[in-house]
Structure formats: C-alpha cells, structure tokens
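Residues per chain are reported as follows:
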Amino acid sequence: MAGKSNKARARKLALNNTNTSEPPVSSDAPLKEEINNSSESSRVEVNGNPVVSESNSTNPEVKEPENANAENQGKQGDMHLYPVPVRTQGGEKLELQLSPGDSVMDVRQFLLDAPETCFFTCYDLLLHTKDGSVHHLEDYHEISEVADITTGDCSFEMVAALYDDRSIRAHVHRSRELLSLSTLHSSLSTSLALQHEAAQNASANSDPTKAEVSELENLGFMGDVSGSLANLLSLPSNEIKCVESIMFSSLNPPPSYRRLVGDLVYLDVITLEGNKFCITGTTKTFYVNSSSGNILDPRPSKTAFEATTLIGLLQKISSKFKKAFREILEKKASAHPFENVQSLLPPNSWLGLYPVPDHKREAARSENALTLSFGSELIGMQRDWNEELQSCREFSHITPQERILRDRALYKVTSDFVDAAVSGAVGVISRCIPPINPTDPECFHMYVHNNIFFSFAVDADLEQLSRKQSSDPNSKTESTSSSLNSSEKNSEKSSHGPVKVNGENKSSVSKTGDLNGVTDLATPDVAAETQLAESEQATYASANNDLKGTKAYQEADVPGLYNLAMAIIDYRGHRLVAQSVLPGILQGDKSDSLMYGSVDNGKKICWNEDFHSKVLQASKRLRLKEHTVLDGSGDAFKLAAPVECKGIVGSDDRHYLLDLMRVTPRDANYTGPGSRFCILRPELITAFSQAEAAERSKSTCKVEESPAAATDGPNAGSAAEQVDPEANEALAKSDTEGITDEGKKEGVVECGSGTEDMGKEKLFNPNVFTEFKLAGSQEEIAEDEENVRKVSLYLRDVVLPKFIQDLCTLEVSPMDGQTLTEALHAHGINVRYIGKVADGTKHLPHLWDLCTNEIVVRSAKHILKDIMRDTEDHDLAPAISHFLNCLFGNCQAVAGKAVANTSQSKTLKKGTNPQDHQSPGKSSKGNTKLKNGVSPKRKQSSYLSLTSTSLWSDILEFAKLKYQFELPEEAMSRVKKISVIRNLCQKVGVAIAARKYDLEAVTPFQTSDILNLQPIVKHSIPLCSEAKDLVETGKVQLAEGMLSEAYTLFSEAFAILQQVTGPMHREVANCCRYLAMVLYHAGDMAGAIMQQHKELIINERCLGLDHPDTAHSYGNMALFYHGLNQTELALRHMSRALVLLSLSSGPDHPDVAATFINVAMMYQDVGKMNTALRYLQEALKKNERLLGEEHIQTAVCYHALAIAFNCMGAFKLSHQHEKKTYDILVKQLGEEDSRTRDSENWMKTFKMRELQMNAQKQKGQALNAASAQKAIDILKAHPDLMQAFQAATAASGSGSSSIAVNKLNAAISSETLPRGGRGVDERAARAAAEVRKKAAARGLLTRPHVPAQAVPPLTQLLNIINSGMTPDATNAVDQESNGHPLNGPGETPQEDGSKPAQQDPTPVGLGSGLTLDPKKNKSKTQSKA
C-alpha cells in the first residue's frame, strides 16, 4: 500500500465525494492546511453536536494563522493541493486534490479510498494534458515528471486493464474486504457523542426543561477495579451482511481448454435471497455461468449478467446486496476519517472479549490461513529489504519536500520490514522455518526467511542465577538457564569463571556476528563450554543495546556509513533478533571483507582509513572519542567506536557498521561480573554534556542564556523548559509522562546542539572499563576513565535524586510501568536503577507501589518466559494460567511428586529431571543437552512443579540480584493485582478474558481465560526530525502565549507528519494535543474538541485502549465538552477516564484525585453541590493518604473545597479550608510566593463575606421580609411567572438567585425557611458581568440596580431578589466575575503551577496546565513547554 502516508488527503477526498454535488475547490485558491481538510466535512459527526459545526468560524484569532500556515507550507515544502478531475471506469466524474510531488501510486491509493472507485483494482491510468496529448502513467513515477498539474486543464482517466491470475485474486480479496466493517475502528468517544446527540434530540422533542445531569454510573469511588475489566472493551460494531458467502469454487483451477479462452477463476456465491450462482472471472470481466451441481458449464447464463468488477456483478444479481453495500459505504463515510485508517503496528491488547465470541465459518479467513507464508510474498520476487532501505537512505534531502519524501520512504520500508520480521519470527519459533545450519548445535541455529536473518538471544539474567550448575562438573547436562533459585552467593562466586571466558571470546557469535562468524561456529575443535560461553553474549541486554546503537548511528545519518534494518521480537519466551541480510554474506567466505573492528574480541583488529574517517564523523555526533587500542599481538590501532563493532564492505560496495552494542560508555557504577552490558543511556550523555557546557559558559562569561542552560545542568536533563524555571512545576500534572518526557528529552537534545560551540565538548572513550587493552599514555587513559566515572556519578548523585524529587513533587507523574520506564529513560536513567528510585520514594505509597510492582513484574517476566520456552504447544494455556494462579492465588504444584524439594525452592527448574526443560525445537538456546546425546523429548513440563511459595521466593531472589532491591516479605499481598496482571500481560504478550476475576480466590484463573499469545516488538522505525523540531519550537511559542505562531508551527508539523507517517502515529497525536490546547486558549472550544478527538482516536489505536495517554485524552475531551456546556457528555468522558486510570495505576494515584477534583467542578457548575463535595472530600482523602497532609496537592483540594463551600454560601467553612490551604503554602513555598499571597486574598474575601452575611442576618431581616412580600405580590399577580420559577427551582441552581427563589416558593406556600446564609453564585455573577461587558461594548450599558420606570414584572422580581445584596458584595462578585475565570485568586493556588484553576474547566491532572488567561499565558502554559 504505497502512499499510505497521504491517507489524510485521501480521507478528505472520500468525505468530499460522498456528496458529489459539492462545489470543488477552485484551483487558484490554495487549500487550507490538511489539518482541516481531513475532518472539515465531518465536524458534526466528530463531536456529535451541531454546535460545533456552527462555531467553526467564530474565532478570527485562529482563522488567521490557518491562512498564514497555507502560505508557510508553500514555502516549507510545496504542499499546495490542486484539483484534478478523474473519469472513472464506470464513467462517473470525481475530483482529487493532488500535489505535484504525489506519485502515481498515491493517486491509486486515493482512488482506492474514494467510495465511487474503491472496488476498482485493475486499471491503467491515463493523463490527458491541455495540448491533447495522452500519457500512460507508470506506478512509480511522480506526476510532476509527466505533466504540470498546477496549470489546471489536466485530467485522469481510469481504463480497465486485463486481469491475470494474481490481480484477479487480489480483486476478490479487496471485494471481500470492502464487504466487512472489521476495518472500521470506532472510538468510544464518537459513540458517546452520537448517543448524547440522539438523547438531546429526543429530549428536545419531549420536554426541554428537564435537562438533568445524571451522576457518573457505577462509580463508587472505583473500589472494584477488577469489575471494570469487563467494561473496557466495547463490542465490535454489528456487521452489515451483503452476501451469504463468496468462495473460490472447487471447480478451480480452470481446465486448460478454458484457460485458452481467458477463464482465470471460478467463484461460488450465495446471495441473501438464497440464490446460488457460479461466477467465472476472465481476463476482462466477471459473468454468471450456467454451471449447476458438480459439472462445469462455462456458457453465460440465460440472464447474461456481466460486469468488469465482482461488486458490479453482485449489484446486478442481488438487490439486497446493492442496498446493504450502500449502507456499508455510508457507515464508513460517516465515521471519523481517522477511524478508517489502518494502524501500521497496532498495540497488543492484553484483554480479549468475554464471553468469547462464537467462531463462525468464513471462507476468506480459511483460504488466507491455508498458505503458511510467514510474511513473505507468495508470488514474484521477495523484497530485498537491505537494498530498499539503503537506497531510500541515499535519496537527496536538501529541500523540505525532498526530506519529506525521504523520511516517508524510510518510514514505509522500515515499517514493512518490522511487519515481515514479526511474521517470520513467529514462523521460526513455531519451528516452521528450517535453519540454514541444521548440523550445528541447536543453540547456534540461524535462519533466513523472506530476506531477513534471524538468530536467538539468550536470557542471561536468568543464567546469572544458574552459573553454579554450569561450573559444577556433575551438572553439565543441565540447561544453562536452569535453577533460578541457586543462592545468590553461589552464583556470584562461580560467575567469575564463565564471565571471564565469555569476556575473552565475546563476539564470535554476536547476532550479526553470527553472520560474520559462521566459520568460527562450525569449527569442531572449539570446546562446547567455550561455545556456550560465547553464545551468551547474544543476551537480551546486548540485543537491546545493539538496537539502541543501530538507532543512534541511523540518527547520526553520516553519508556513506550504513546500518542494517533491525528488530527484536519476543514471542513464547524466546527472543529473536531480525536483521536485513548483509549483501554477499550468504554467498561465501567474507573474512576479507572485514575492514574495521574485530571479530575475535580484539585479538585481531582490522582498520581502514576510508572506513575510519566515516566512523569518526559519526562518533563526533555521538560524543565518542577517537582513541588507540592494542590488539592481541600488541599492534596499536586508532578507533572511534567500540572494539567489537564490525565494519564490513558488502558486495554492493557500501560500508556497513554492525554490532553496535556499546555506543555509549560502560556504567562505572556497575563493573562487577555479569554487568558487561550495563552501559549508560545516550540521554544521560547529552544531559551531562549540556550541564558541563552550561558550567563552562557560566565560568567564562556571563552569557545571557546561562540561566536557561544552567537549569538544564542540575536538572539532569529533566528540565527542557528553558523559558521559566517555575514552569517546571506545571509538569506535575502534565497529561502523560510518556509524551511529556519525550518532549523533555527532545528539548534537551535541542539545546545541546546550541551549546556545542561553547568550548570543546567532552568526548567519551567507549572502551574504558572493558577487557580491551588501551594504548596511549597513562594520563590519557586515566582521564578517559575519570570522564566516564564523572558521568556515572552524575547519574547517581544528581540525576537520580532530581528524578526522585520530581516524582515527589508530581512534576513527573508516571501512571504505570510503561510510563515509569519512559520517564526513567527520558531522564537518562537505566531501569536497573529502579530499586534506588523505590528506596527514595518509600514515604509516598503510590510511588513505592509503582516501583515495587514494576520490579515484581520484571522479575516474574523472566520466570514466565522461561516456563513458556520449556512448554509444549498443547500445554501453553495451562502453564500460563497456573503461573498466574501461583503469582496471585495460593497455588500448590500440579504434580504431587514434583513438590518434594520445595524446601530450598528449587522447584522452578529442578523439581523435574534436568532434561525436562528442553523443548524439541526451542530450548533456552545455549544448553548442552545435544552434546550429551539426551533425547530432546520430555515427559513432564517444568511448570507443573511451580507453587506460589517457590515462585515468590524466585521473584524476591531475582529482584535482589538484578535490581539490588529487597522486596518486602509481604510483597505478594501488597501488589496491586490488576495493575500487575496488566503490566505482565503486556510485557509477555498474553491476552486474557476481560471478565471480573476473584483475585482473593486460591486459583483465580482458568485455562479458558488465556486467549492469545502475541509477539512483542522493539524496532528502530525512524522519526521525522523536521516535525519534531517544529513541535519543539511551537511549545516555546505556546509557553510565551504566542498562540497564532504556535498554531502555525503545530499545524505545519501535523501536515509534515501526515505525509511521512500517515495519521496513525504517536507523534501526530502529540501535534493534535498541542493544537487542541492552542485552540482552547484562543477560546475556540469546538476546534479544540475536533483536535482532541483526533488525538484520542490515534492514542486508542496506537497506544492501546487503556494507556494512560488515552485516559488523559478522555479527561481533556471532557473538559472541552464542559467548556461547551455539555456537562453530561463531559461526565461520561470523565467516567471513562477514571476507569482507564484505575486500570493502569489502581485507584490510589494523585492523578485519580486530580480527576475527582475536575469531576467535582463539573457537578458544581451544574449545581449538584452534594455530589461535588463527595468527590472533593474523596480527593482530599486520597491526597492526604498518598502525599501527606502538607503536600501542595493537598492544599489544592482544600482550596477547591473552600470554593465549593463559598458557592453554597457556607463562608465560614470556606474560610476554614482556605486557611489550611494558606498554612500549607506558607510552609512549602514561603509567604512571598504569589500563590501564597493569592490564597491570603481568598481568605480575606471569604472572611469579608462571612461578616457581611452575619451583618445582613442581624439588620436585614426586615428588608428581606419586605422584599419577599413585594415579590410574592408580583408572583400572585402573574401566575405564569410563578410556574417558570417553580420549574427553575426544580432544575436546582446553587447560587443566590435560586436560593432566593426557594425562599419565595417557601413564602408562597407558607413553609418555614431553611436556616443558613445566602450563597453567592459566582457563575451567575460572572455571566451577568459578561453580558454587561458586551452591552457596554455596544454602548448599551444597563446598570443593575437603578430602578426603571415601566419595568416588566420579571425584571422587577429579579431586581428584588438581587437587591438583598449589599453593594460591597456585589462589587466583590463583579470584580471576581471579570478576573476569576481567567486568573483570579480562584486559580492561583494552583500550588505547583500544575494545578489548574478550580473554577475553570482546566485540566487538573489530566490536562496540561491549560490556564486560560492570554495575558498570563507566559508563566502558566509552560507546563507543556
């Protein structure tokens, strides 16, 4: 599917053409940027609300940047679109919007998406130009190479081409695809909006006064997280049936005499009417033949139906088909454009539908499954991945448009490679693909399939625990990965042996080294033990590091230096490394092609001037130092890369650099045995270099920017907010750590480049602290070692404490294991330091739980993978369910005889005999069983001997060894079970039934709960650096309140990403989120909802339904809907956000408390004060329990409560709560902080109101009585008013007017008045002030309290009701109404800048610090910068 990346335009086209009567865009008016194209015509559907489509043009502020952006794009990359008419095969006319840079493949993709042409697959494209000439278009040409479409007067024509065997099958496949709705992924948000709209229409028809906001259903403060599993997945949309079945007939293949007259295929079709037809597909047409029964009668049937397409024919023979097919097209066209787009690498779901849907007969599915292709093309040549990738890399990239084309080609090829690698890996692990070296020991097997090279990586972490066996001569037959439980001391003692051997012989079998070292492997004189030790370097860690290194060199992008495409696939407990095949490597001996680096671990080092110059160029970008090393015979070589890398010249004469396991130096904090691959992260190196540069610039001269640079220093790469240090705090509730941290990381990298020139930058020697011999003077070596030590200390003493502090202040607030890992990585911290993070956050329960849960999951993951490796296919579901029961229940071993030796908890592997853990084709690679001639079949699976006790002792042991962390003894009872299940399933690829589990039971899981095992992929798909830079700049502009400029930049980034990656990409979601934020600030709620809805759909599809980002998208969506006064719809989104948050983090998390505050504000705004108070009190309880009574976040809750009590008129309580807020702020921020002062002002306001109220109580009784009497008289005189007021009371407002009305009602019906003061409805006052402001602007200022002569009765009544207010109170309210929603004191105690206002619909905890005031944007919006 070439041209996938232009989907957005294709979608627009599809939408515009559903109604062909729309006038086409005139050719001279350049289109608005694609951001609007893709969903302009579906605005109403997107939001499910007509308001949105009206408010389209309400905002001049934002319209102007759109136009600016269109010009800008013209400059940036010729992204103008021009209308070109197309004459279809069916003779209809439609119009495409094309850019001259589009290829013919793109045009085909657009036509494939348009409803009128979606079922034409086999046609030639002709281009008619204005001079009358006709060009036949080849697929891979760009249109601009053939003709200039910018002048107009060009048109396309689709001409039917002849079918052949391949294209007719593709046509049938496409037709079946079109008849299914399985490609439509509708978001819950869309259906919520549509339901809401339907409900609104229904209520509008019945009784408009009863717009009552319902409470969030099933909330119960989310006590039952397990129960919410069942609500997470929505049922798939109902299929619309067009035809009973379309099957390839058993008359196929056509007999030879029919082939000679053009028959290609026979199809059996049963229509909905129940008629059976046999259809002949020929080179030109499809027609109904006369066959019946088992004998072919090729003559056309009497009715003589025929058509050039299968769907065309079916429409003729079945009226029901025609109607249903139209419905399908309409349903697809009415969906949000993004819901039709396919995601390239969709995330694995850890939940499957429950009850499990029935498995129905489906011909198409079964036919596809008959061919075991494992990702390879069945017909024609296999793709040469390496050639495709490297030639894309060689594309010119000077102009913006060229860069976009190059990025797009690289993205497409790499994505296709990863896709094919996953399918191939499944084939290898399922033992369906034979190895290329079947005579070698199994641990050294390598595979080539579909031009992809596969090799296994070993789980060395597990093996560290089992070194005891491998060093003990009596247990040679044991698998190298056996006995997790041998005590730590023993494994430490013995590990020196193997590690040394491993150290000496490391690289002869590395993953690409395997390729390079095939000759070594086959040599019979190498001892088996040595081979084992050598194979161990292909560990999980080195595979990971190799992928990171490959990525780093790809990003350095040095001309003439190439890397292989690479992916790591984890499936069924195995880890496979997939790489594109190095040209010439499989064709014979390539020992002479090694030009650089070493194959035998430094004994012999190769070197080449030309190669060195290229590597040196890359090393400067990667901050690696050129240094000298000695080989085995003492010769010195200058290298600028790790010794074990391999520079090879392929048979295509390109210079390839492989085995990049150490492109950053080793971590000096981890130098013991077994920590060979503990290297530092590149983010840390960047942050450290920046901090150094900042220090230097400070000491040499006082540069103006030094404060900005300096904040980066101590913040250890976490402070990308160069604009205002205070804004760091605003990140606390930033919407998702994953993305935020990426943003931070990018910021760091960016400013790094700026500081590069400030004096010489530190370069690091990657070969210090390794066994390689360094040449050069002692001082130089000592200096290199000192540099690496400095970075390692910087990590331990600066970055880690700063990160822990950020976690405590909620500046970084990860929700689950994945976002915690992303946050660690973005700050340059390796996950092996997670134990230290846990120790530093012991005083905060939610962080302690998060870290310990992650350690438990990571430890359990290794054990579960080991069990899966050792389990036969038919035992996988029982093994996994037994493992989960041992982890969460209280489970004993399945087989009694295996439990005998639980005392020393060796049961994991040793309960069964040593050979039992080898599966025939997939042992944990690297075992010695074949050498000993042991039969590979085993009688009993290792999982049978597992018990809860042994499993947890293994987990505690593993955590101690790998993370230096002592899990508490009661860890089993303390873990958050649902979060751990979710995290573990996601890491291992298990899918379980989405039902309610009784996790207190002895065995909560049944075998039938395990629904699927999916491969987990790590890849190096490139990102578009240009769009990334635009987003970074946009964030800075947004932080400075320059909305128009920020909008232009984000739109531009969005447009570029649309072309490079297509809409389904995390970075595109990022752009949509920022665009929504800009529109929100500009006051265009409808526009903000449109963009936010896009972000939500992309997150659901690219990150998963329950990813924290998706939860935050729902939260932001809710706040925007609330801004449009659609509170019920907003609360439904909030409900979903809470379910998702509780799944990822459990109910005890500050983000959940912050979301409660938002929910409370919504209820407060619709006058449901009791519900609002319940949520606020629950939020306060959570924060006090999780963060402590003196945390700033707790102060936020107190302030929110103060505001709520103020709305209810309970000023005394308001004052008490605001006093607590003030005390906390004084303690945390000091009296001088602006937020503390604001809190003080609020206290004074509440105190004043309390005094006024008391004064009124004493002196105002008479006044009130007189006013009430007067009002009663008016009401008695106007019964219609009376009814209106009663209706208004029923709708229950919460402020002064409704309270006064209640009094009146009470007076009229002679009830006693309830005691209690009158509240001030700030929202009503605010609205009144707004009306006055607008009236003043039009010169119509009406004074509120001036008695008028002939006042209508309603106004008289309102005047009476309002006149009870003292002038002071009115003024106070007026001031507030003008300042408050923007940023009056109500907002300011946002305590850490991260807590948006309590009164406005600003994301608290979900949002991104979206404060509303354009003036104050400078300081506030940085929360996102």
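Described in the following lines is the structure provided in the data block. Since the structure is predicted, the reported quantities are computational estimates derived from the model, not experimental observations. (Residues numbered from 1 in each chain as written. Predicted model: local features only at pLDDT ≥ 70, side-chain atom pairs only at ≥ 80, totals over all residues. Heavy atoms only, no water.)

### Regarding the nonpolar core
Ranked by internal contacts, the top residues of the largest apolar core, which has 229 residues, are Tyr-553, Phe-883 and Ile-992. Of the residues forming this core, the biggest block, 14 residues, is contributed by helix H17 (residues 400-429). In this structure, Leu-96, Tyr-123, Leu-179 and Phe-325 belong to the second largest nonpolar core, which totals 55 residues. (Core = buried A, V, L, I, M, F, W, Y, C linked by side-chain atoms within 4.5 Å. Buried < 20%, exposed > 50% of the residue type's maximum accessible area, 1.4 Å probe, protein only. Helix = DSSP H or I, 4+ residues; strand = E, 2+ residues; numbered from the N terminus.)

### Thoughts on helix H39 (residues 1043-1061)
Helical periodicity: at 3.6 residues per turn, an α-helix aligns residues three or four positions apart in one direction. With 19 residues, H39 extends 26 Å from end C-alpha to end C-alpha; this agrees with the ideal 27 Å at 1.5 Å per step. Taken across its 19 residues, H39 has 17 buried, putting it largely inside the fold. (Expected span 1.5 Å × (residues − 1).)

### With respect to the state of the cysteines
Scanning the entire structure with this criterion turns up 0 disulfides. Summary of cysteine pairing: Cys-1072 is not part of a disulfide, and the nearest cysteine sulfur, belonging to Cys-1071, is at 6.8 Å. A residue is classified by how much of its surface remains accessible, and Cys-1072, at 0% relative accessible area, is buried. (Disulfide = S-S within 2.5 Å.)

### Quick notes on the sheet that holds strand E14 (residues 561-562)
Adjacent strands of a sheet form backbone hydrogen bonds with each other and so pair up, either parallel or antiparallel. Taken together, the 4 strands give an open sheet; going across it, the order is E14-E21-E20-E17, and neighbouring strands pair in mixed fashion. Of all strands in the sheet, those bounded by a partner on one side alone are E14 and strand E17 (594-597). Taken together, the 4 bridges between strand E20 (residues 646-649) and strand E21 (residues 655-658) define a ladder with antiparallel strand orientation. From the neighbouring strand, Ile-648 faces E21, where its bridge partner is Tyr-656. (Pairing = 2+ DSSP bridges.)

### Here we look at the packing of aromatic side chains
Inspection of every chain in the model, using the stated rule, returns 19 aromatic pairs. With a centroid separation of 5.8 Å and an interplanar angle of 10°, the aromatic rings of Phe-321 and Phe-325 are classed as stacked. Of this pair, Phe-321 and Phe-325 both sit in helix H13 (residues 319-334), 4 residues apart, which is roughly one turn of the helix. Pair check on accessibility: Phe-321 and Phe-325 agree, each one buried. Ring-pair connections join several aromatic residues into one group, and the members of that group are Phe-119, Phe-120, Phe-321 and Phe-325. (Phe/Tyr/Trp six-rings, centres within 6.5 Å; stacked < 30°, edge-to-face > 60°.)

### Points about the sheet that holds strand E13 (residues 452-457)
The strand order across the open sheet built from 5 strands is E12-E13-E16-E15-E25, with neighbouring strands paired in antiparallel fashion. Looking at strand neighbours, the two that pair on one side only are strand E12 (446-449) and strand E25 (1016-1019), the edges of this open sheet. Recorded for the sheet is a direction-independent mean angle of 25° between the axes of neighbouring strands. Here 4 bridges tie strand E15 (residues 566-571) to E25, and the two strands are oriented antiparallel to one another. Bridging from a neighbouring strand, Ile-569 pairs with Val-1017 of E25. Packing against the sheet, helix H24 (residues 540-556) makes contact with E13, E15, strand E16 (574-580) and E25, and its axis sits at approximately 150° to E15. (Axes fitted to C-alpha atoms, helices over the stretch in contact; angles between N-to-C directions. Contact = heavy atoms within 4.5 Å.)

### Things to note about helix H37 (residues 977-988)
Its 12 residues place the ends of H37 16 Å apart at the C-alpha level, agreeing with the 16 Å of an ideal helix rising 1.5 Å per residue. Within H37, 11 of the 12 residues are buried, which leaves it mostly tucked inside the rest of the structure. Listed as buried for H37 are Lys-977, Ile-978, Ser-979, Val-980, Ile-981, Arg-982, Asn-983, Leu-984, Cys-985, Lys-987 and Val-988. In the stretch just after H37, Gly-989 is the one whose phi turns positive, near 90°.

### Some details on unusual backbone geometry
A negative phi holds for most residues other than glycine; trans holds for most peptide bonds. That bond from Asn-252 to Pro-253 is cis: its omega, -10°, falls within 30 degrees of zero. Checked against the element boundaries, Pro-253 lands in the loop between strand E6 (243-248) and helix H11 (256-259). In this structure, Pro-355 follows Tyr-354 across a cis peptide bond, with omega equal to -5°. Its place among the elements puts Pro-355 in the loop between strand E11 (351-352) and helix H15 (363-370). Backbone geometry places Arg-431, a non-glycine residue, at a positive phi of 65°. Within the secondary structure, Arg-431 sits in the loop between H17 and E12.

### A few points about the environment of Gly-1209
As for its position among the elements, Gly-1209 is in the loop between helix H46 (1192-1208) and helix H47 (1211-1229). Separated by 37 residues in the primary sequence, Gly-1209 and Phe-1246 have C-alpha atoms spaced 9.8 Å apart.

Shape descriptors only; they carry no functional weight alone.
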